[in-house]
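A closer look at the structure
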Amino acid sequence: MKRETVHDSATRLTVQWRYTGGDRGQNLGEKMTAESFADKEQRIVRLEEQLAYQAETIEELSAAMARQWEELDKAKRKLDALAERFLALEETTLPGAEATKPPHY
């Protein structure tokens, strides 16, 4: 890629970009005026703003996910504690084996 600066009275400044590509090394040059350069610069600024917004959104989503995992872990611990309590209560309320001798003794 080669950049040449050419001054033009109509647009004040013209930048010539020359790309070589393909098997034959074709010249795929594109003239860039000051106005089209400004348009591309504005597009880059918009893309950078969008990238910054997306990075902030990712950080917020990551923090929200971390909070949800903490809540899920807390709920799981409570459920495990309740299950243990239920099993302990169930064991104390089950009828035990009779202490009497069977009738054939």
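1. What about the overall build of the chain?
- Assigned secondary structure in the chain consists of one helix and five strands.
- When the helices and strands of the chain are listed from N to C terminus, the series reads β-β-β-β-β-α.
- Expressed as a percentage of its 105 residues, the buried residues of the chain come to 5%.
- Put simply, of all contacts in the chain between residues at least 6 apart along the chain, 2% involve residues at least 24 apart.
- Carbon and sulfur atoms make up 56% of the accessible area of the chain, which totals about 10,100 Å².

2. Thoughts on a nonpolar patch on the surface
- Together, M65, W69 and L72 make up an exposed nonpolar region whose accessible area comes to about 360 Å².
- Along the polypeptide, M65 turns up in helix 1 (residues 34–93).

3. Section: the confidence of the model for the chain
- Of the residues in the chain, 64% have a pLDDT of 70 or more, and the chain-wide mean is 77.
- The element-level mean pLDDT for the chain is lowest in strand 4 (residues 26–27), coming to 46, with helix 1 highest at 94.
- Every residue in residues 13–17 scores below 50 in pLDDT, and together they form 30 contacts with partners more than four places removed in sequence or on other chains.
- In this model, residues 19–23 is a region of pLDDT below 50 whose contacts with residues beyond four sequence positions or in other chains number eight contacts.

Analysis parameters
Residues numbered from 1 in each chain as written. Predicted model: local features only at pLDDT ≥ 70, side-chain atom pairs only at ≥ 80, totals over all residues. Heavy atoms only, no water. Helix = DSSP H or I, 4+ residues; strand = E, 2+ residues; numbered from the N terminus. Buried < 20%, exposed > 50% of the residue type's maximum accessible area, 1.4 Å probe, protein only. Contact = heavy atoms within 4.5 Å. Areas by Shrake-Rupley, 256 points an atom, 1.4 Å probe, with all protein chains shown as cover. Patch = residues over 30% accessible without salt bridge, like charges linked within 9 Å, V, L, I, M, F, W, Y side chains within 5 Å. Salt bridge = Lys/Arg side-chain N within 4 Å of Asp/Glu carboxyl O. pLDDT = per-residue confidence, 0-100.

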